[in-house]
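Below are the chains, spelled out letter by letter.
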Amino acid sequence: IVTGGALGFGRGIVNEMVDEGGYVIIADKNQEAGRQAESEINGRTGKKRTLFVPCDVTDTDSVKRLVFDTVKEFGGIDVLISNAGVLKAGNLEEFDEKTFDFVTAVNYKGFFICAKYSSPVMKLQHQYNPSMFMDIIQINSKSGLTGSNRNFAYAGSKFGAIGLVQSFALELVAHHIKVNAICPGN
């Protein structure tokens with residue numbers, strides 16, 4: 001699963017995973033771009049290597065459907081790449097609470113929800129195949145490691161997600177689920 005997989009960085013991840021032989025769920029709110037990505041990639045490979053599943057990572061029911069559709073289509077989840085994210089910048093005086101909540105919901109809460117509902121499937125896979133390893137990878141940011149001028153909501157949500165990554169890693173390692181973050185720069 002690649003959340004935010006229809007465009008940009010996420011689409012690049014999907015392309016690379018397919019090129020390496022993977023079968024990938026493209027999870028995204030942007031239905032037009034998601035359907036187009038699925039069509040283009042499957043057309044290029046000549047096989048059904050991707051499936052677009054509309055998903056809002058901030059909505060529990062949407063994520064549950066994503067996990068269900070993934071298992072139904074491909075039989076399990078080997079890798080979750082939590083890439084969906086938003087950036088809204090501004091200074092403290094002009095930034096409103098609604099925008100702050102939106103950034104936090106997508107970048108922090110969305111990662112939590114995706115990990116919460118993907119990990120039981122991974123645990124079950126490990127139970128039936130004890131030698132299997134799975135991965136949860138959160139696409140974070142250099143702003144998750146160092147504060148960012150006029151970009152506090154984004155930086156704060158990414159700092160928080162690093163805490164989730166570290167905590168989930170400790171909890172899930174017993175089930176052969178590795179949890180890591182990638183922190184790209186500009």
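Description of the structure in this document. (Residues numbered from 1 in each chain as written. Predicted model: local features only at pLDDT ≥ 70, side-chain atom pairs only at ≥ 80, totals over all residues. Heavy atoms only, no water.)

1. Description of the nonpolar core
To keep it simple, the criterion reads: Side-chain atoms within 4.5 Å link the members of a nonpolar core, which is a set of buried Ala, Val, Leu, Ile, Met, Phe, Trp, Tyr and Cys residues. Relative accessibility under 20% of the residue-type maximum defines a buried residue, over 50% an exposed one, and the middle range a partly exposed one, all with a 1.4 Å probe and only protein chains included. Helix and strand definitions here come from DSSP, where helices need a minimum of 4 consecutive H or I residues and strands a minimum of 2 consecutive E residues; each element is numbered from the N-terminal end. In this analysis, two residues are considered to be in contact whenever any of their non-hydrogen atoms come within 4.5 Å of each other.
Ranked by size, the top nonpolar core spans 34 residues in total, and within it Phe 111 and Ile 136 carry the most contacts. Of all the elements in the fold, those that place two or more residues in this core are β2 (24-28), β3 (50-54), α3 (60-74), α4 (97-128), β5 (134-139), α5 (152-172) and β6 (177-182). If one sorts the elements of this core by residue count, α4 sits on top with eight residues. Excluding residues within four positions of it along the chain, Ile 136 makes contact with Leu 80, Phe 111, Ala 115, Met 122, Leu 172, Ile 177, Lys 178, Val 179 and Asn 180. Grouped together as the second largest cluster of nonpolar side chains are 14 residues, Val 14, Ala 33, Ala 37 and Ile 137 included.

2. Comments concerning α3
How we decide: What a helix should span is 1.5 Å times the count of its residues minus one. Directions are taken from the helix axis to each C-beta atom, and the arc is the one they span.
If you check α3, its first and last C-alpha atoms are 21 Å apart, about what 15 residues at 1.5 Å a residue would give, namely 21 Å. Residues of α3 that are buried: Ser 62, Val 63, Leu 66, Val 67 and Thr 70. Mapping the buried residues of α3 onto a view down its axis gives an arc of 140°, with all of them on the same face. Within α3, the exposed residues directed more than 90 degrees away from the buried face are Phe 68 and Lys 72. In this structure, the buried side of α3 is in contact with β2, β3 and α4. Note on α3: the residue one or two positions beyond its end, Gly 75, has a positive phi of about 85°.

3. Describing the packing of α4 against α5
Selection criterion: Geometry is summarised by axes, namely lines fitted to C-alpha atoms with helices restricted to the contacting stretch, and by angles between N-to-C directions that run from 0 to 180 degrees. Oblique is the label for any angle not covered by the other classes, which are roughly parallel (under 35 degrees), roughly antiparallel (over 145) and roughly perpendicular (65 to 115). Whether a crossing is left-handed or right-handed is set by the direction in which the near helix is turned from the far one by less than a right angle, anticlockwise for left-handed and clockwise for right-handed. When residue character is reported, Ala, Val, Leu, Ile, Met, Phe, Trp, Tyr, Cys and Pro are called nonpolar, Asp, Glu, Lys and Arg charged, and the others, Gly included, polar.
For the pair α4 and α5, the least separation of the axes is 8 Å and the interaxial angle reads 15°. Judged by the inter-axis angle, α4 sits roughly parallel to α5. The two elements α4 and α5 meet at a crossing, and its hand is right-handed. Contacts between α4 and α5 involve Phe 100, Val 103, Thr 104, Asn 107, Tyr 108, Phe 111, Phe 112, Ala 115, Ser 119 and Lys 123 on the former and, on the latter, Phe 152, Ala 153, Tyr 154, Ser 157, Lys 158, Gly 160, Ala 161, Leu 164, Val 165, Phe 168 and Leu 172. The class makeup of the residues in the contact of α4 with α5 is 14 nonpolar, five polar and two charged.

4. Points about the pattern of salt bridges
Condition: Here, a salt bridge means any Lys or Arg side-chain nitrogen found within 4 Å of an Asp or Glu carboxyl oxygen.
Using the criterion set out here, one finds five salt bridges in the structure. The shortest N-O distance in the salt bridge between Asp 19 and Arg 44 comes to 2.8 Å. With Asp 19 in helix α1 (residues 8-19) and Arg 44 in helix α2 (residues 31-45), the pair connects residues that are 25 residues apart, well separated along the chain. Looking at Asp 19, the relative accessible area reads 47%, which means it is partly exposed. Across the salt bridge formed by Arg 150 and Glu 94, the nearest N and O atoms sit 3.6 Å from each other.

5. Regarding α1
The terminal C-alpha atoms of α1, which comprises 12 residues, lie 17 Å apart, in line with the 16 Å expected from a rise of 1.5 Å per residue. Among all positions of α1, only Gly 10, Arg 11, Ile 13, Val 14 and Val 18 are buried. Projection of α1 onto a plane perpendicular to its axis shows the buried side chains occupying an angular sector of 155°, all on one side. At its buried positions, α1 is contacted by β1 (2-3), β2, α2, β3, β4 (79-82) and β5. Positive backbone phi, at 100°, marks Gly 21, one or two positions downstream of α1.

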